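Descriptive analysis of the structure
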Amino acid sequence: MYDIIIIGGGVVGALCAEALSKYDAKILLLEASYDLAAGATGANSGIVHAGFDAKTGSLKAKFNVRGAELMPALCKRLGAGYKNNGSLVIGFSGDEEQLAELYARGVENGVKELALLGKEELHKIEPNVSPDAVAALYAPTAGIVCPYSLAIAAAGVAMDNGTELEYNCRVTGIEKTEKGYKVGCENGKFFETKYIINCAGLHSDDIAALVGDTSFTVTPRRGEYILLDRTQGGTVSHTVFVCPSAMGKGILVSPTFDGNLILGPTSENVTDKEDKKTTYEGLQKVLEGARRSVPGVRAAAITSFTGLRAVGSTGDFIIRKSADNFLTFAGIESPGLSSAPALAEYAEQTLLSDGAVSKKKDCYKTERRPAKFMSELSFDEKNEYIKKDPAYGRIVCRCEEVTEGEIRDALINNPPAKTLDAVKRRVRAGMGRCQGGFCSPVVIGMIADRLGIPYERVEKCGEGSYITTGRTKGDVK
Ligand SMILES: Cc1cc2nc3c(=O)[nH]c(=O)nc-3n(C[C@H](O)[C@H](O)[C@H](O)COP(=O)(O)OP(=O)(O)OC[C@H]3O[C@@H](n4cnc5c(N)ncnc54)[C@H](O)[C@@H]3O)c2cc1C
């Protein structure tokens with residue numbers, strides 16, 4: 001019997017697990033996919049919004065401002081990257097009134113240091129924005145993070161503190177029992193628990209419905225992106241937005257935490273919760289939108305992808321008790337990443353007041369070694385590592401300079417990587433310009449050895465996503 005089951009290993013579920021793992025409680029994190037951050041957390045803009053966009057008094061505003069406040073120290077503690085680069089909403093002729101409204105709303109929401117800039121000031125701090133931009137709302141407190149690294153780091157600390165994690169465990173049934181709930185998964189496994197936290201993203205309505213809460217729905221809104229090569233990462237230093245509309249914050253141009261340039265997202269309501277394709281039309285829209293704000297953006301794409309926003313039927317975050325001892329986080333669309341630390345804080349307070357957790361463990365971990373990559377170390381520091389273990393001297397991914405030692409660590413450390421994409425998300429092998437063309441064969445071999453499976457059974461990103469079908473030369477046994 002578990003004390004708590006958390007359904008969904010996105011940034012919200014992972015941070016809830018981390019926050020609760022310091023208590024004397026048996027916790028299980030259930031994730032439907034092959035890795036953490038398989039939903040919106042794995043495909044978004046990575047912006048820690050300052051908090052001026054959400055309607056004053058809304059849950060989005062409240063949790064965004066608090067989350068953005070907590071984010072820098074949280075990332076430092078978890079060894080996940082955070083950069084305070086500031087954001088700009090640029091305005092063209094006629095947008096001045098909307099900028100002033102955003103400024104006033106931000107002040108009311110409690111966002112600090114906001115400033116309205118004129119044309120000259122704007123072009124001084126961000127010279128590559130369009131010469132047609134006449135003003136801007138400047139939010140110095142905004143930042144950028146690597147969202148999936150944050151979720152992985154949080155789950156890692158939770159697991160180091162004893163939290164269990166099951167990948168490929170899609171929850172399909174929940175039954176009320178005398179002592180709590182019986183949770184059944186698609187793969188036939190089931191688990192008993194006293195308390196459930198529903199963090200299932202786009203499927204949080206389906207999970208709530210399993211205990212009779214049909215008071216809301218969650219629908220997908222697609223957003224397509226283009227990710228540019230690191231050579232373009234310095235095109236702008238701030239996150240550059242345009243004025244928002246009813247469909248979202250518009251197409252942004254921003255450096256990513258890892259030094260690439262990200263363009264997007266589009267905004268399109270769809271019905272299929274798995275519709276992650278990219279389209280020619282969508283990517284054209286992204287490029288056009290990005291060039292409207294920053295005309296010099298080059299089409300030096302290394303990849304494109306789609307994220308699905310979990311749009312709740314109330315227009316706000318939906319945070320409620322779906323049943324006794326059953327806390328639901330639903331409709332956690334943008335600014336959900338920015339809000340996640342505050343949502344986890346809320347979950348901790350709620351479970352404390354419900355008596356689901358009380359006493360802290362005598363000994364627990366709160367920190368994680370920063371994700372220091374070999375490529376970022378000095379020559380002397382690299383030598384120290386290599387002297388202790390020569391695997392840190394053998395480069396496997398040439399684009400990102402990732403070593404065999406780092407890949408091996410990603411396969412062993414909590415939460416362990418079991419697929420090619422899971423390795424990529426932890427250590428960036430395959431994330432560079434050649435997108436894994438050179439390193440994948442070696443990484444596949446290392447995964448096969450670690451899992452004790454044939455080379456052909458190694459997956460890219462979950463069930464059946466095999467990369468090779470068999471050998472073309474030599475021994476076929
Ligand atoms: C295009 C786009 C851009 C965005 N940009 C930003 C931004 O810049 N800043 C910001 O603050 N926010 C942004 N967001 C919002 C942010 O990404 C989300 O709010 C956040 O990632 C939500 O995290 P989550 O854990 O609630 O959901 P998710 O990350 O979707 O995680 C839910 C998890 O639950 C799992 N799951 C689903 N069903 C089941 C089941 N039945 N059993 C077990 N597991 C299940 C899924 O596989 C998934 O891993 C953006 C979102 C999108 C899509």
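Predicted, not measured: the structure shown is a model, and the values here were computed from it.

**Regarding the packing of helix α1 (residues 11-20) against helix α8 (residues 336-353)**
α8 packs onto α1 with a crossing angle of 45 degrees between their chain directions and a minimal axis gap of 8 Å. In this view, α1 runs oblique relative to α8, as classed from their interaxial angle. Note that α1 runs across α8; the crossing there is right-handed. Here α1 contributes Val-11, Val-12, Leu-15, Cys-16, Ala-19 and Leu-20 to the contact with α8, which in turn contributes Leu-337, Ala-340, Pro-341, Leu-343, Ala-344, Ala-347, Glu-348 and Leu-351. Broken down by class, the residue content of the contact of α1 with α8 amounts to 13 nonpolar, no polar and one charged.

**Some words on the domain arrangement of the chain**
Examined at the domain level, the chain breaks down into domain 1 (84-142 + 219-312) and domain 2 (374-457). The straight-line distance from the C-alpha centre of domain 1 to that of domain 2 is 33 Å. Taken together, the contact pairs seven residues of domain 1 with six residues of domain 2. When the two sides are added together, the surface that domain 1 and domain 2 hide from each other amounts to roughly 470 Å², 35% of it contributed by carbon and sulfur. Considering only the surface of domain 1 that becomes buried against domain 2, Asp-229, Arg-230 and Ile-302 emerge as the three largest contributors, covering 67% of it. Linking domain 1 with domain 2 are three salt bridges. For the salt bridge of Arg-230 with Glu-400, the shortest nitrogen-to-oxygen distance reads 2.6 Å. Connecting domain 1 to domain 2 are three residue pairs in polar contact (both at pLDDT 80 or more).

**What to know about the nonpolar core**
Ranked by size, the top nonpolar core spans 56 residues in total, and within it Ile-4, Ile-6, Val-12, Leu-150, Ile-197 and Phe-329 carry the most contacts. If you list the elements that add at least two residues to this core, you get β1 (2-7), α1, β2 (27-30), α2 (59-78), α5 (147-160), β12 (190-198), β20 (326-330) and α8. At 10 residues, α5 tops the list of elements feeding residues into this core. Those residues in contact with Ile-197 that sit more than four places away from it in its chain are Ile-4, Ile-5, Ile-6, Ile-7, Leu-20, Leu-327, Phe-329 and Leu-351. Counting residues in each nonpolar core, the second largest holds 23 residues, with Ala-133, Leu-263, Ala-290 and Val-297 among its members.

**Notes on empty space enclosed by the protein**
Enumeration over the complete set of coordinates arrives at one cavity of 30 Å³ or more. Along the wall of the largest cavity there are 15 residues; nearest its centre are His-49, Phe-52, Asp-53, Phe-241 and Lys-249. Elements supplying a minimum of two residues to the lining of the largest cavity: β5 (87-91) and β14 (239-242). Broken down by class, the residue content of the lining of the largest cavity amounts to nine nonpolar, four polar and two charged.

**Side note on α1**
An α-helix turns once per 3.6 residues; consequently, residues spaced three or four apart project the same way. Within α1, 10 of the 10 residues are buried, which leaves it mostly tucked inside the rest of the structure. Every buried residue belonging to α1 is among Val-11, Val-12, Gly-13, Ala-14, Leu-15, Cys-16, Ala-17, Glu-18, Ala-19 and Leu-20, and all of these are buried.

**Describing the environment of Ala-300**
Along the polypeptide, Ala-300 turns up in the loop between α7 (280-293) and β18 (301-312). As a C-alpha pair, Ala-300 and Leu-227 span 73 residues in sequence and 8.3 Å in three-dimensional space. Leaving out residues up to four positions away in the same chain, Ala-300 has contacts with Leu-227, Leu-228, Asp-229 and Gln-232.

**Side note on the sheet that holds strand β3 (residues 47-48)**
Across the sheet, three strands lie side by side as β3-β8-β4; this open sheet has antiparallel pairing. Where the open sheet ends on each side, the last strands, each with one partner, are β3 and β4 (82-83). As judged from the two bridges shared by β3 and strand β8 (residues 143-145), these two strands associate in the antiparallel manner. For Ile-47, the partnering residue across the bridge sits in β8 and is Ile-144.

About the thresholds
- Each chain has its residues counted from 1, following the order in which its sequence is written.
- The predicted origin of the model limits local features to residues at a pLDDT of at least 70 and limits the giving and counting of side-chain atom pairs to 80 or more, whereas totals for whole chains, interfaces and linings rest on all residues.
- The basis for the side-chain values is all heavy atoms of the structure; hydrogens and waters are excluded.
- Axis angles are defined between N-to-C directions and span 0 to 180 degrees, where every axis is a line fitted to C-alpha atoms and, for a helix, only to the segment in contact.
- Put simply, DSSP H or I for four residues or longer makes a helix, DSSP E for two residues or longer makes a strand, and each gets a number counted from the N terminus.
- Comment on the angle field: the value is read as roughly parallel under 35 degrees, roughly antiparallel over 145, roughly perpendicular from 65 to 115, and oblique elsewhere.
- Crossing handedness is read from the near helix: turned anticlockwise from the far helix by less than a right angle, it gives a left-handed crossing, and turned clockwise, a right-handed one.
- In this description, contact between two residues means that some pair of their heavy atoms is separated by no more than 4.5 Å.
- Under the scheme applied here, ten amino acids are nonpolar (Ala, Val, Leu, Ile, Met, Phe, Trp, Tyr, Cys and Pro), four are charged (Asp, Glu, Lys and Arg), and all others, including Gly, are polar.
- Where each domain begins and ends is defined by an automated method or by a domain database.
- Defined in terms of a 1.4 Å probe, buried area is the accessible area two parts forfeit on being brought together, summed over both.
- In the sections that follow, a salt bridge refers to a side-chain nitrogen of Lys or Arg positioned within 4 Å of a carboxyl oxygen of Asp or Glu.
- Polar contact is defined as a pair of N or O atoms within 3.5 Å, subject to the rule that within protein one atom must be able to donate a hydrogen and the other to accept it, and that residues adjacent in sequence are counted only when both atoms are side-chain atoms.
- What we call a nonpolar core is a set of buried Ala, Val, Leu, Ile, Met, Phe, Trp, Tyr and Cys residues that are connected through their side-chain atoms within 4.5 Å.
- Each residue gets one of three labels from its accessible area relative to the maximum for its type: buried under 20%, exposed over 50%, partly exposed in between, using a 1.4 Å probe on protein chains only.
- Cavities and pockets were defined on a 1 Å grid built from protein atoms only: a cavity is a group of points that admits a 1.4 Å probe but offers it no way out, a pocket is an open group of points flanked by protein on both sides within 12 Å along at least five of seven lines, and a lining residue is one with an atom within 4 Å of any such point.
- Grid points are joined across faces, edges and corners, and a volume is the space filled by probe spheres set on the points.
- Criterion used throughout: strands pair if DSSP finds at least two bridges between them.

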